[in-house]
Amino acid sequence: MIKVSGLTKYFDKFAAVKDVSFSVEQGNIYGFVGPNGAGKTTTLRMLATLLVPSGGEIHLNGVPALKNPLQVRRLLGYMPDFFGVYDDLKVDEYLEFYGEVSGRSLGDVRRDIPGLLELVGLGEKRQSYVNNLSRGMKQRLCLARSLVHRPEVLLLDEPASGLDPRARVELRNILKELQSMGKTIIISSHILAELAQLCTHVGIINNGCLALSAPVSEVLARVEGDSLISIALADRQEEARLWLLEQEQVKEVSPANSGGLEVVFSGDRLAQAALLRELAVRFTLYEFTPSKGDLEQLFMDITEVAENAKAQN
Amino acid sequence: MPKLKINPLLGKELRIRMRNWRTFGMISLYLLVLGGFAVLFFLSNFYSLGRGTSLAEVGRNLFTFLSVSQFIIVIFLVPALAGNAISGEKERQTIDLLVCTQLTPFRIVTGKLTAALSAVVLLIFASLPLYGFVFLLGGVSPGEVLKLFIIVLGTALLVGCWSLMFSALFRRTVAAIVASYVLLFFLLGGSSTLFILLSNIFYRTQGAVPYFLIMSINPLSFLGWLYPEFFRDILSALGPNWVGRNLQLWHLALLIQGAMAAFSLWAATRAINPLKLSRKRG
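Residues numbered from 1 in each chain as written. Chains lettered and ligands numbered in written order. Predicted model: local features only at pLDDT ≥ 70, side-chain atom pairs only at ≥ 80, totals over all residues. Heavy atoms only, no water.

## Quick look at the pattern of salt bridges
Residues and elements named next belong to chain A. The tally for this structure, following the rule as stated, stands at 21 salt bridges over all chains. With its nearest N and O atoms 3.4 Å apart, the salt bridge here joins Glu170 to Arg166. One end of the pair, Glu170, and the other, Arg166, are both in helix α6 (residues 165-180), 4 residues apart, so they sit about a helical turn from each other. Judged by relative accessible area, which is 28%, Glu170 ranks as partly exposed. The exposure class of Arg166 is exposed, given its relative accessible area of 64%. (Salt bridge = Lys/Arg side-chain N within 4 Å of Asp/Glu carboxyl O. Helix = DSSP H or I, 4+ residues; strand = E, 2+ residues; numbered from the N terminus. Buried < 20%, exposed > 50% of the residue type's maximum accessible area, 1.4 Å probe, protein only.)

## Notes on the domain arrangement of chain A
Each domain of chain A was delimited in the assignment, giving domain 1 (2-214) and domain 2 (224-293). On a C-alpha basis, the centroid separation for the pair domain 1 of chain A and domain 2 of chain A is 39 Å. (Domains from an automatic or database assignment.)

## A few points about the sheet that holds strand β5 (residues 63-64) of chain A
Residues and elements named next belong to chain A. Overall, antiparallel pairing links the 4 strands, which are arranged β2-β1-β4-β5 in an open sheet. Each having just a single partner strand, β2 (14-24) and β5 make up the two edges of the open sheet. Where helix α1 (residues 40-47) meets the sheet, it contacts β1 (2-11), β2 and β4 (55-60), and its direction lies at approximately 120° from that of β1. (Pairing = 2+ DSSP bridges. Contact = heavy atoms within 4.5 Å. Axes fitted to C-alpha atoms, helices over the stretch in contact; angles between N-to-C directions.)

## As for helix α4 (residues 106-119) of chain A
Residue and element names in this part refer to chain A. Look at α4: 20 Å from first C-alpha to last across 14 residues, which is about the 20 Å you get at 1.5 Å a residue. Within the sequence span of α4, burial applies to Val109, Asp112, Ile113, Leu116, Leu117 and Leu119. Those residues of α4 that are buried lie in contact with α3 (91-101), α5 (135-147) and α6. One or two positions beyond α4, positive phi appears at Gly121, with a value near 75°. (Expected span 1.5 Å × (residues − 1).)

## A few points about the packing of aromatic side chains
Within the structure shown, the criterion is met by 18 aromatic pairs over all chains. Ring centres 5.5 Å apart and planes at 45° place the aromatic pair Phe22 of chain A and Phe32 of chain A in the tilted group. One end of the pair, Phe22 of chain A, is in strand β2; the other, Phe32 of chain A, is in strand β3 (residues 29-33), and 10 residues separate them in sequence. This pair shows no difference in class: Phe22 of chain A is buried, exactly as Phe32 of chain A is. Relative to Phe133 of chain B, the ring of Phe42 of chain B lies with its centre 5.1 Å away and its plane at 80°, an arrangement referred to as edge-to-face. Taken together, the positions of Phe42 of chain B in helix α2 (residues 21-46) and Phe133 of chain B in helix α7 (residues 128-137) put the pair 91 residues apart, joining distant regions of the chain. Looking at Phe42 of chain B, the relative accessible area reads 15%, which means it is buried. Here the guanidinium or amino end of Arg145 of chain A rests over the ring plane of Tyr98 of chain A, the centre of that ring lying 5.4 Å away. The residue whose ring lies beneath Lys12 of chain B is Tyr86 of chain A, and the NZ or CZ to ring-centre distance is 3.8 Å. (Phe/Tyr/Trp six-rings, centres within 6.5 Å; stacked < 30°, edge-to-face > 60°. Lys NZ or Arg CZ within 6 Å of the ring centre and 35° of its normal.)

Here it is, written out as structure tokens:
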């Protein structure tokens with residue numbers, strides 16, 4: 001579906017993206033993670049035919065992006081990290097405009113608009129002026145705009161930035177729904193843990209180089225060493241502590257500051273599930289939260305290696 | 001019957017423009033200025049009626065006054081109308097979204113240009129009652145009024161082209177509008193000043209040196225189509241060599257300023273094409 005090989009971009013002598021290669025199959029969600037200035041936006045802008053690479057190739061459905069930009073633009077919906085809207089238009093007029101300039105007939109776009117607005121949760125805002133929407137709503141409107149010409153591929157550059165936690169969850173649900181509709185999505189973020197919940201594949205980029213590109217399951221396998229699990233119980237905490245210490249993969253149990261227990265656990269996710277099941281049978285369980293800090297640690301480790309290599313050069 | 005399909009960009013621009021109070025403010029001010037001066041001009045001529053001046057002559061004078069005033073007002077409005085066309089999209093951060101559609105850079109530029117010119121068409125229509133009053137007095141044919149509208153619209157198109165080019169080249173609307181006015185002042189005032197200086201230098205050559213051709217970059221020379229006698233008088237004063245030929249100054253002006261406009265459109269199209277731009281940079 002999307003094939004990127006040897007993608008490179010220089011701004012004068014500065015290499016913003018260096019020899020990046022990856023591919024994304026149809027229906028997958030590819031998370032593009034990296035710190036600020038890592039080259040995520042430059043890569044996405046090249047994919048969106050808004051920048052010419054200094055080297056390398058991009059193919060969408062076998063169509064070379066640079067040779068057929070109009071054909072490629074028909075296939076993809078792009079949502080930049082910073083974008084503006086036409087404040088003096090109503091929500092439906094805004095979508096009608098982008099539908100028409102994307103090559104669809106006005107009648108077809110008008111038929112699709114109610115469904116699109118329902119999908120992004122703006123069903124009741126159809127006649128509102130764009131000016132009157134909140135930031136989160138504008139973000140969702142921009143997502144609807146990127147879908148208005150029924151693209152097969154979505155390029156979303158940090159779509160969750162600036163959104164409150166509730167809006168982030170809603171956005172994640174919308175993207176999952178889009179995935180179930182067969183859309184291929186490339187989404188960028190600087191938070192690996194956030195993308196790990198959503199994506200099928202992850203690429204970690206730092207200083208313009210793709211440090212890791214793999215299925216999420218593989219990435220998670222790399223971090224599944226000892227993990228910290230927070231547990232809160234209704235009662236019989238001491239009894240639970242003793243029971244936990246008897247379990248094979250539990251290395252340590254200590255009281256948590258919040259009043260519950262913190263368990264150092266060496267098992268993988270399946271073992272965690274089994275432990276949760278057993279605990280729930282024996283005790284009245286309030287909370288069972290495996291720490292997500294490990295993904296962040298992995299991200300830090302990978303980007304640190306790249307930083308060190310850069311410093312040595 | 002095939003359905004008339006307008007550029008969606010033009011539709012959007014018109015919708016946004018018509019929702020804005022500034023459009024109505026601009027039309028009202030334009031009519032107030034044009035109409036106010038027309039009334040004053042008419043009154044100043046009205047008292048000479050019966051003292052050797054006919055009603056048709058007053059009508060003719062009023063038309064001349066209105067045509068030149070309208071021409072100047074419109075060409076000074078065009079940079080303000082077209083100067084923000086593309087730089088406004090850049091400032092609003094909507095240009096990428098627009099470029100990422102099925103619109104080619106050329107269609108984006110022509111859509112924006114048509115939108116700016118549609119405001120000029122609106123101004124022309126709004127001024128029709130004033131010309132109705134001129135017809136009432138007589139001395140002017142409908143053909144002359146039509147000629148005037150073609151000249152105003154055509155000049156607006158040419159001025160609009162390079163205003164749009166500056167809008168595409170500059171990131172800031174203010175810079176684009178200032179650059180457009182600087183060029184406009186140069187073409188209007190600079191060419192006239194050069195013309196006067198050169199005529200003082202080459203006056204004795206009796207037209208052997210065609211220095212007056214500098215006026216072909218002046219948009220005012222298009223009025224030569226409407227008032228050929230005025231321009232003929234100027235040229236005949238310079239020397240006999242250039243009088244009575246089929247080629248008139250406004251023909252040359254059309255050629256030169258048309259080429260300028262075509263170049264501007266090409267430059268604007270290139271400036272908003274990200275694939276052309278970054279090839280140069282990257």
